[in-house]
Amino acid sequence: MSELVLSFLGSGSMNGSILRGVLAGGTPAGRVRATTKSASSAEKLREDTGVTVLSGEENEKANLEAVKGADVVLLGVKPYAILDLAREIAPALEPKTVVASVAAGITLEALEKALPEGQPVVRTMPNTPSSVGRGVISVTPGTHTTKEQLEAVREVLSSVATVVEVEEHLVRAVTGVSGSGPAYVFYLAEAMQQAGEKLGLPSDVARVLAKETVAGAGVLLSPDDADPAALRKAVTSPGGTTEKAINTFDDQGLRDVIAAGVTASAERGDEMEQEYCGD
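Being a predicted model, the structure only gives us computed values, none of them experimental.

(A) How the structure looks around the environment of proline 202. Note that proline 202 resides in the loop between helix H8 (181-198) and helix H9 (203-221). A sequence separation of 31 residues divides proline 202 from lysine 233, and the C-alpha atoms of the two residues are 30 Å apart.

Structure below.
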């Protein structure tokens, strides 16, 4: 990774995962700063990572100090607190500093309004597999963000995820497909386990069969050229047991149910934008 100075404001599950990812990728701890709410969590993060960590409990100017001289600042607090945090750090930002939000429901327009005029910003939509280095994260540059600044953010995020660029009107679709998507897969594994139990399998055996099947299928999907439809067809022999199951899913309208769920997630993202960013 290039000689970027990074600041992570909020070090919860998502920001914390990205922080650890950049360190694992070779970024020196001396070029990484972070903030936490409590002193105890700050101490633990220091011990775990060796980075400079400031806590709001001990220092009311922790966030301001953490962003001074940073090349990229990642806002990782809860969505409802993002814009207040942006306003708080605004006086300490350098004009070149890129501010990236990893929270759902915060529009580029709202983030730009909360920051100094011309501040480069990036909106992202991550998902939880980033915590194990297998996430997927979308990035959307703001009005004043250059290609080089966007690339700097991509470089940071690529340490824990595959990064894709989308226009802002498509962030809602990203939310529905991948932002909420890991829960759909867990839901499928849960349903498979329950179905196995109804067929007489012991609970622990059904759980192992379901989760290892889903996890293994995920590995088969991981190559760049893997096509879900092709993989599904390859294991669906005509007249066989798998074809019978797939036909039953189609007859029951499972594709439509999944589409409805993805759409509902996207619509909830729209609602959050109105809640957090509406006038």
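Next, the rest of the story.
(B) Here's a closer look at the environment of glutamine 119. By the element assignment, glutamine 119 lies in the loop between helix H5 (108-114) and strand S6 (121-125). Separated by 21 residues in the primary sequence, glutamine 119 and valine 98 place their C-alpha atoms 7.1 Å from one another. Ignoring any residue separated from it by four or fewer positions in sequence, one finds glutamine 119 in contact with Leu93, Glu94, Pro95, Thr97, Val99 and His144.

(C) Highlighting the sheet that holds strand S3 (residues 52-55). Reading across from one edge, S3-S2-S1-S4-S5-S6-S7-S8 is the order of the eight strands in this open sheet, with mixed pairing throughout. Edge positions in the open sheet fall to S3 and strand S8 (161-165), since each of these has one partner strand only. Going from strand to strand, the sheet's axes swing by 20 degrees on average, the running direction of each strand aside. Summarising the sheet, strand S1 (residues 6-9) and strand S2 (residues 32-36) pair through four bridges and their orientation is parallel. Residue pairing for S2: leucine 6 is matched across the bridge by valine 32. Lying over the sheet, helix H2 (residues 39-49) contacts S2 and S3, oriented at roughly 175 degrees with respect to S3.

(D) Quick look at the packing of helix H7 (residues 171-179) against H8. At their nearest, the axes of H7 and H8 sit 5 Å apart, and the two run at 30 degrees to each other. Looking at the two axes, H7 sits roughly parallel to H8. For the pair H7 and H8, contact is made by Gly176, Val177, Ser178 and Gly179 and by Gly181, Pro182 and Tyr184, respectively. Class assignment for the residues of the contact of H7 with H8 results in three nonpolar, four polar and no charged.

(E) Representation of the nonpolar core in the model. Residues Phe8, Ile18, Leu19, Leu74 and Leu157 are the most contacted members of the largest nonpolar core, which totals 30 residues. Excluding residues that lie within four positions of it along the chain, phenylalanine 8 makes contacts with Asn15, Ile18, Leu19, Val22, Val32, Arg33, Ala34, Thr35 and Leu74. In this structure, Leu83, Val99, Leu108 and Val121 belong to the second largest nonpolar core, which totals 24 residues.

(F) The arrangement of a nonpolar patch on the surface in detail. Among the surface-exposed residues, Phe249, Leu254, Val257 and Ile258 lie close enough to one another that they form a single nonpolar patch of about 360 Å² accessible area. Checked against the element boundaries, isoleucine 258 lands in helix H12 (residues 254-277).

(G) Representation of the side chain of threonine 97 in the model. Turning to its location among the elements, threonine 97 is positioned in the loop between helix H4 (79-89) and strand S5 (98-101). Here the side chain of threonine 97 touches alanine 70 through a polar contact of 2.7 Å, landing on its backbone oxygen. Setting aside residues no more than four positions away along its own chain, threonine 97 makes contact with Ala70, Asp71, Val73, Gln119 and Pro120.

(H) Representation of the pattern of salt bridges within the structure. As enumerated under the stated definition, the model contains 16 salt bridges in all. Close ionic contact of aspartate 48 with lysine 44 constitutes a salt bridge, the shortest N to O distance being 2.8 Å. You can see aspartate 48 and its partner lysine 44 sitting in helix H2, four residues apart, about one turn around the helix. A salt bridge links arginine 154 to glutamate 165, with the shortest nitrogen-to-oxygen separation between them at 4.0 Å. Of this pair, arginine 154 sits in helix H6 (residues 147-157) while glutamate 165 sits in strand S8; the two residues are eleven residues apart in sequence, bridging distant segments of the chain. Given a relative accessible area of 23%, arginine 154 falls into the partly exposed group. Note on glutamate 165: relative accessible area 46%, which makes it partly exposed. One salt-bridge network, in which partners are shared between bridges, spans Arg20, Lys44 and Asp48.

Criteria and cut-off values
Residues numbered from 1 in each chain as written. Predicted model: local features only at pLDDT ≥ 70, side-chain atom pairs only at ≥ 80, totals over all residues. Heavy atoms only, no water. Helix = DSSP H or I, 4+ residues; strand = E, 2+ residues; numbered from the N terminus. Contact = heavy atoms within 4.5 Å. Pairing = 2+ DSSP bridges. Axes fitted to C-alpha atoms, helices over the stretch in contact; angles between N-to-C directions. Parallel < 35°, antiparallel > 145°, perpendicular 65-115°, else oblique. Nonpolar A, V, L, I, M, F, W, Y, C, P; charged D, E, K, R; others polar. Core = buried A, V, L, I, M, F, W, Y, C linked by side-chain atoms within 4.5 Å. Buried < 20%, exposed > 50% of the residue type's maximum accessible area, 1.4 Å probe, protein only. Patch = residues over 30% accessible without salt bridge, like charges linked within 9 Å, V, L, I, M, F, W, Y side chains within 5 Å. Areas by Shrake-Rupley, 256 points an atom, 1.4 Å probe, with all protein chains shown as cover. Salt bridge = Lys/Arg side-chain N within 4 Å of Asp/Glu carboxyl O. Polar contact = N/O pair within 3.5 Å; in protein donor to acceptor, adjacent residues only side chain to side chain.

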